[in-house]
Amino acid sequence: MQLLKNSGLPIYLEKESNKLAFTAPLQLGSYGEKIVGQMLGLLAKEENLELSTKFYDVYRAIRYPDDEERLKRNRYQYDITYVMDGLVNGECKKTSGHYHGFNPQRTNTYPEVYEVIEGTALYVLQRAKNFESDPEGIIIEDVILTVVKAGQTIIIPPNYGHCSINIGDGPMIFSNLAYIPCPVIYDSVRYYHGMSYYVFKTDGEVKAELNQRYSNVPEPKFAVVKENERLGIKFGLPIYQSYQQNPGAFEFLGNPDAYVDEIMSMLEYKENLKDAIIG
Ligand SMILES: [Fe+2]
């Protein structure tokens, strides 16, 4: 049993079963698992698949009883996703990928906080406006492949669809702090069989490849992440604790309009993917 110390919570990893164990008084709302068979239609290559192989597990609504009321009032939820080790036809394991819905004013979609607890993640971020109504005519305006390492956190910027990819050598475990009323939209990603870039690993080298089903995708940018204490993001300070210490810092989750530029400025651009992985 290994303590997931970057979470700042009494959560243990049972390596043999690839399961997480939660210690009282910490509580877990629900648990769900995705197997390869449920990822069909989202993978780069779908031949010779072992359909029952585990892909990722999600542990939802994790909280201490003492924080329950405040989380409810803020309408936030803290979840953990465990993306399994290993490749599928050379492709790195990943989450399904989705867009977030717009705020009531329809000025921006909701952001979300992702904290990498174990392993190394690559987030495909793709900005599009017409992802809800018109998947066929979607216009991808920007693509940013962002590398986030254990102990680091990314705020998914408003208006960017996103998918979390395990590019490390073991499992990749991340938490998210999300605004509960935010709609989550999967259809447009499914229409294109995934996000605009697939990520493969060959002989230890990570490579991004354009998903040819999209047309007119801009050249990707590459990035790493920066801290922003005003928004509650301080590397080494677990997100759950940061929220407990200063819940007001996460106001941007439900009210993104005033924060878009600040969130974008937390990405630091690199020449290429290799440099982003080196950090
Ligand atoms: Fe999301």
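Model, not experiment: these values are computed from the prediction.

Q: Explain the coordination of the iron ion to me, please; I cannot follow it from the model alone.
A: Looking at the metal site, the iron ion is ligated by His-98 (NE2), His-100 (NE2), Glu-112 (OE) and His-162 (NE2), spaced 2.1 to 2.2 Å from it. Here the iron ion binds four donor atoms, and the angle range of 89 to 169° at the metal identifies the geometry as irregular. Mapped onto the sequence, the residues coordinating the iron ion show the spacing H-x1-H-x11-E-x49-H. Taken together, the residues span a long stretch of sequence, with Glu-112 in strand E10 (residues 112-118) and His-162 in strand E14 (residues 160-166) at a distance of 50 residues. Classification of Glu-112 by relative accessible area gives buried; the value is 6%.

Q: Any chance you could explain the sheet that holds E10 here in plain terms?
A: Two modes of strand pairing occur in sheets, parallel and antiparallel, and in both the strands are linked by backbone hydrogen bonds. With antiparallel pairing, the six strands of this open sheet are ordered in space as E4-E5-E6-E15-E10-E13. Edge positions in the open sheet fall to strand E4 (30-35) and strand E13 (153-156), since each of these has one partner strand only. Direction aside, the axes of adjacent strands within the sheet are offset by 20° on average. Of the pairings in the sheet, the one linking strand E5 (residues 54-60) to strand E6 (residues 76-83) comprises four bridges and is antiparallel in character. The partner of Tyr-56 across the bridge, within E6, is Val-83.

Q: I tried to follow the pattern of salt bridges on my own but got confused; where do I start?
A: Side-chain pairing between opposite charges can occur once the charged atoms of the two side chains come close. Counted according to the given criterion, the structure contains 11 salt bridges. Residue Glu-91 is joined to Lys-94 by a salt bridge in which the shortest nitrogen-to-oxygen separation is 2.8 Å. Each of the two residues, Glu-91 as well as Lys-94, counts as buried. For Asp-142, the salt bridge identified is with Lys-221, shortest N-O distance 3.0 Å. Of this pair, Asp-142 sits in strand E12 (residues 140-149) while Lys-221 sits in strand E19 (residues 221-225), and the two are 79 residues apart along the sequence. Using a relative accessible area of 6% as the deciding quantity, one classes Asp-142 as buried.

What counts and how
- As a convention, each chain's residues are numbered from 1 in the sequence order in which they are written.
- For a predicted model such as this one, the threshold for reporting local features is a pLDDT of at least 70, and the threshold for listing and counting side-chain atom pairs is 80 or more; totals across whole chains, interfaces and linings nevertheless cover every residue.
- Derived side-chain values reflect all non-hydrogen atoms in the structure, with water molecules and hydrogen atoms excluded from consideration.
- Here the coordinating atoms are restricted to nitrogen, oxygen and sulfur within 2.8 Å of the metal centre, or 3.2 Å for Na, K and Ca, and because water is not among them the sites may look incomplete.
- Any site counts as irregular unless it has four donors with all angles between 85 and 135 degrees, making it tetrahedral, or four or six donors with opposite ones more than 155 degrees apart and the rest between 65 and 115, making it square planar or octahedral.
- We count a stretch as a helix when DSSP gives it H or I for four or more residues in a row; a strand needs E for two or more, and each element gets its number in order from the N terminus.
- Burial classes: relative accessible area under 20% of the type maximum marks a residue as buried, over 50% as exposed, and values in between as partly exposed (1.4 Å probe, protein chains only).
- Two strands qualify as a pair provided that DSSP identifies no fewer than 2 bridges between them.
- Angles shown run from 0 to 180 degrees and are taken between the N-to-C directions of axes, each axis being a line fitted to C-alpha atoms and, for helices, limited to the stretch in contact.
- Here, a salt bridge means any side-chain nitrogen of Lys or Arg that lies within 4 Å of a carboxyl oxygen of Asp or Glu.

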